[in-house]
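# Breakdown of the fold
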Amino acid sequence: MTNLDGKALAAKIKKRVRGEASALPRRPGLAVVLVGNDPASRVYVTSKRKDCEECGFYSEEYALLEETTQAELIELVESLNKRENIDGILVQLPLPAHLDEDAVIGAIDPAKDVDGFHPMNAGNLLIGRPGFLPCTPAGIMDLLEEYGIETAGKRAVVVGRSNIVGKPMALLLLRGNATVTVCHSQTPDLGECCRQADILIAAVGRRGLITPNMVKTGAVVVDVAMNRDENGRLCGDVDYAAVCEKAAYLTPVPGGVGPMTRAALMENTLLAAKRRQNLA
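Anyway, here's the lowdown on the structure attached to this text. Everything numeric in this text was worked out from a predicted model, so none of it was measured.

Definitions and limits used
- Residues numbered from 1 in each chain as written.
- Predicted model: local features only at pLDDT ≥ 70, side-chain atom pairs only at ≥ 80, totals over all residues.
- Heavy atoms only, no water.
- Helix = DSSP H or I, 4+ residues; strand = E, 2+ residues; numbered from the N terminus.
- Rg over C-alpha atoms; globule rule 2.2 N^0.38 Å.
- Buried < 20%, exposed > 50% of the residue type's maximum accessible area, 1.4 Å probe, protein only.
- Contact = heavy atoms within 4.5 Å.
- 1 Å grid on protein atoms, 1.4 Å probe; cavity = no way out; pocket = protein on both sides within 12 Å on 5 of 7 lines; lining within 4 Å.
- Points joined across faces, edges and corners; volume = space filled by probe spheres on them.
- Nonpolar A, V, L, I, M, F, W, Y, C, P; charged D, E, K, R; others polar.
- Patch = residues over 30% accessible without salt bridge, like charges linked within 9 Å, V, L, I, M, F, W, Y side chains within 5 Å.
- Areas by Shrake-Rupley, 256 points an atom, 1.4 Å probe, with all protein chains shown as cover.
- Salt bridge = Lys/Arg side-chain N within 4 Å of Asp/Glu carboxyl O.
- Pairing = 2+ DSSP bridges.
- Axes fitted to C-alpha atoms, helices over the stretch in contact; angles between N-to-C directions.
- Right-handed = clockwise from strand over helix to strand, strands pointing away.

### Describing the overall build of the chain
- If you tally the helices and strands in the chain, you get 10 helices and 11 strands.
- Relative to its length of 280 residues, the chain is compact, with a C-alpha radius of gyration of 19 Å against a globular reference of 19 Å.
- Seen along its three principal axes, the alpha-carbon backbone of the chain occupies a region of about 50 × 40 × 35 Å.
- For the chain, with 280 residues in total, the buried portion stands at 49%.
- Once local pairs closer than 6 in sequence are excluded, the contacts in the chain between residues at least 24 apart make up 70%.

Now the structure itself:
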């Protein structure tokens, strides 16, 4: 079994991004907005700041109080839309319950939507036009390509139908000429569906959901989830120790998809900067 090493590939991507960014007339700028005190979100935002430093980007961070109103948040987003030195805007999700995520995402200038969540970018993905790709699915496709894993003609199963991972992942696999099945909470006999997969993507957030009897021998298994076990250790949706006996390729958690998501964000921010400087 081969580990799909996202950490190593992400380092290579960020090195390339840094080289390209250094050649621009103005370095790329990313603004990250965090509302509230969610510990996991705090970790992600800190990581993204470090990524910007590694890539030679300019970055700003806005840590807003939990009580921030919808109007205040959208006012901030609109002000960042107008900033010439900000190429990408990322509002860290999830937001506190009283805020409307759809309205906030919709307020971001699509040309600065480096998360790829704006309806315009989602629509471009659906119909195959250029736009920003959601970072996690884009990172997974980069990882498959790095390891020479062909998607054309393969059966792919995506477990999870979120707008952030599941749906765009299915579309990218379809773009890669895979035959794609999307499974979810209402899918009867999930195991039978998963056993058909040459490429299995698990993106639900349920620890240990994918067991060896659900995996085809020799399959490529990508574990998107970040859960905690009873000892507080990070783990995914896949029973890693058991599934590695059947899979040909498997992503570790941590060190698999997570670093690739962050690397894809840096690629999107670089692309946004190039487009805004009329260089792409």
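Let's pick the thread back up.
### So, the layout of surface pockets
- Taken as a whole, the largest pocket spans an internal volume of roughly 1,300 Å³.
- Taken together, 45 residues line the largest pocket, and the ones lying closest to its centre are Tyr44, Thr136, Val224, Met226 and Thr261.
- Counting only elements with at least two residues in the lining of the largest pocket, the list comes to helix H2 (39-55), strand E4 (88-91), helix H6 (135-146), strand E9 (227-228) and helix H10 (257-276).
- Among the elements that line the lining of the largest pocket, the one with the most residues is H2, at 7 residues.
- Along the lines of polarity and charge, the residues of the lining of the largest pocket split into 26 nonpolar, 11 polar and 8 charged.
- Counted as a void, the second largest pocket has a volume near 390 Å³.
- Along the wall of the second largest pocket there are 18 residues; nearest its centre are Ile105, Phe117, Ala122, Asn163 and Ile164.
- Of all the secondary-structure elements, those providing two or more residues to the lining of the second largest pocket are helix H4 (101-107), helix H5 (119-127) and helix H7 (166-175).
- Each residue belonging to the lining of the second largest pocket can be placed in one class, and the counts come to 11 nonpolar, 4 polar and 3 charged.

### Some thoughts on a nonpolar patch on the surface
- On the surface, Val43, Tyr44, Met226 and Leu234 cluster together into a nonpolar patch covering about 330 Å² of accessible area.
- Here Val43 shows up in helix H2.

### Details of the sheet that holds strand E2 (residues 29-35)
- The strand order across the open sheet formed by 3 strands is E3-E2-E4, and the pairing between neighbours is parallel. Of all strands in the sheet, those with a lone pairing partner are strand E3 (58-64) and E4, marking the two edges. Taken pair by pair, the neighbouring strands of this sheet meet at an average axis angle of 15°, ignoring direction.
- Of the strand pairs in this sheet, E2 and E3 are connected by 7 bridges, and their pairing is parallel. Its bridge partner lying in E3, Leu30 is registered against Ser59.

### Focus on H7
- Residues of H7 that are buried include every one of Gly166, Pro168, Met169, Ala170, Leu172 and Leu173, and no others.
- Looking at the buried residues of H7, the elements they touch are H5, H6, strand E5 (155-159), strand E6 (179-183) and strand E7 (199-202).
- Backbone geometry just downstream of H7 places Asn177 in the positive-phi region, at approximately 65°.

### Side note on the pattern of salt bridges
- Enumeration over the complete set of coordinates arrives at 17 salt bridges.
- Between Glu20 and Lys274 there is a salt bridge, with its nearest N and O atoms 2.5 Å apart. Of this pair, Glu20 sits in helix H1 (residues 6-22) while Lys274 sits in helix H10, and the two are 254 residues apart along the sequence.
- Overall, the relative accessible area of 26% leaves Glu20 in the partly exposed class.
- Across the salt bridge formed by Arg195 and Glu192, the nearest N and O atoms sit 3.2 Å from each other.

### Re empty space enclosed by the protein
- Using the criterion set out here, one finds 1 cavity of 30 Å³ or more in the structure.
- Put simply, the largest cavity is a space of about 50 Å³.
- Contributing to the lining of the largest cavity are Leu90, Val91, Leu93, Ile105, Ile108, Asp113, Asp115 and Phe117.
- Residue classes in the lining of the largest cavity are distributed as 6 nonpolar, no polar and 2 charged.

### Regarding the pairing of E6
- Pairing between E5 and E6: 5 bridges, direction parallel. What sits directly across from Arg155, in E6, is Thr179.
- Chirality of the crossover, the property in question, places the unit of E5, H7 and E6 among those that are right-handed.

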